[in-house]
Amino acid sequence: MAKILVVDDDPGLREVLSFALTKAGFAVAVANDGIQALARVDAERPDLVVLDILMPELDGLEVCRRLRADPRKRALPILFLSSKDDEVDRIVGLEMGGDDYLAKPFSPRELVARVRALLRRATTPAAAADAQLRHGKLTLDLERFQAQWHGRVLDLTLTEFGILRTLMRRPGRVCTRDALMNEAYELHKVVSDRTIDSHVRRVRGKFAELGVDPVETVHGVGYKLGPCE
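What counts and what doesn't
Residues numbered from 1 in each chain as written. Predicted model: local features only at pLDDT ≥ 70, side-chain atom pairs only at ≥ 80, totals over all residues. Heavy atoms only, no water. Helix = DSSP H or I, 4+ residues; strand = E, 2+ residues; numbered from the N terminus. Rg over C-alpha atoms; globule rule 2.2 N^0.38 Å. Buried < 20%, exposed > 50% of the residue type's maximum accessible area, 1.4 Å probe, protein only. Contact = heavy atoms within 4.5 Å. Areas by Shrake-Rupley, 256 points an atom, 1.4 Å probe, with all protein chains shown as cover. Lys, Arg positive; Asp, Glu negative; His and termini not counted. Charge placed at Lys NZ, Arg CZ, Asp CG, Glu CD. Salt bridge = Lys/Arg side-chain N within 4 Å of Asp/Glu carboxyl O.

(A) Quick peek at the overall build of the protein. When helices and strands are counted, the protein shows 8 helices and 12 strands. Here the protein has a C-alpha radius of gyration of 17 Å; the compact-globule value for 229 residues is 17 Å, and the two agree. A principal-axis box enclosing the C-alpha atoms of the protein has dimensions of 50 × 35 × 30 Å. Per-residue burial for the protein yields a buried fraction of 51% across its 229 residues. Nonlocal contacts in the protein, meaning residues at least 24 apart in sequence, comprise 57% of its contacts between residues at least 6 apart. Carbon together with sulfur atoms contributes 49% to the accessible area of the protein, which is approximately 10,900 Å² in total. A gap of 4 Å separates the mean positions of the 35 positive and 35 negative side-chain charges of the protein.

Here is the structure:
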């Protein structure tokens, strides 16, 4: 049974979300602010965090930043909640390392669907024959969700890993944003071009830390994975 940590300073919403997730078959832990959330992640070891952005003490963006800074928690799926539905706010959340973003108000059924989609992406086993992808110095381990450049680990979130996996399956060929939506995301109908661009920028930023940039922009079309030598 997957465990979900629900983090929100609204006790009524915490109760509604906890009930919906429990009814859907998940174990649920709760936190009422960002500081408590960080402690709960260590104590409860959740499989996914539903994280409100606007909270007192420590907001959701800072919680996400701290989780992504910890190598043990970088791949932990994070679903942001926010009362703001502005695209800029959504992109900021995704730039910080969130895997998905849900604007309030929303239905509990939609939240459960998003949670299930993220968990499927995190737990779907790779076929034995396709357990690794290699392209030059770049290697993807599809079972451990780990990327390496010439033996050096790239710390990717779940969504960033999905994007790189999609590009690696067609090296040198252009991958349109529609293809990325279909292959790298679940519930792709809610993903905008700017959201995809935001995640791709984060992937390129991780490569930049190693002094390389194999992901190429094809203006007006999408992206491709160039030589990895």
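(B) How the structure looks around the side chain of lysine 206. Mapped onto the fold, lysine 206 is located in helix α8 (residues 193-208). Overall, the relative accessible area of 14% leaves lysine 206 in the buried class. Excluding anything up to four places from it in sequence, lysine 206 contacts Leu154, Asp155, Leu156, Thr157 and Glu160.

(C) Focus on the pattern of salt bridges. Inspection of the entire model under this criterion finds 18 salt bridges. Its salt-bridge partner being lysine 73, residue aspartate 70 comes within 3.3 Å of it at the nearest N-O pair. Measuring nitrogen to oxygen at the nearest pair gives 3.0 Å for the salt bridge that ties arginine 170 to glutamate 183. Highlighted residues: arginine 170 in the loop between α6 (158-168) and β10 (175-176) and glutamate 183 in helix α7 (residues 177-184), separated in sequence by 13 residues. A single network of salt bridges, built from pairs that share partners, joins Asp42, Asp70, Arg72 and Lys73.

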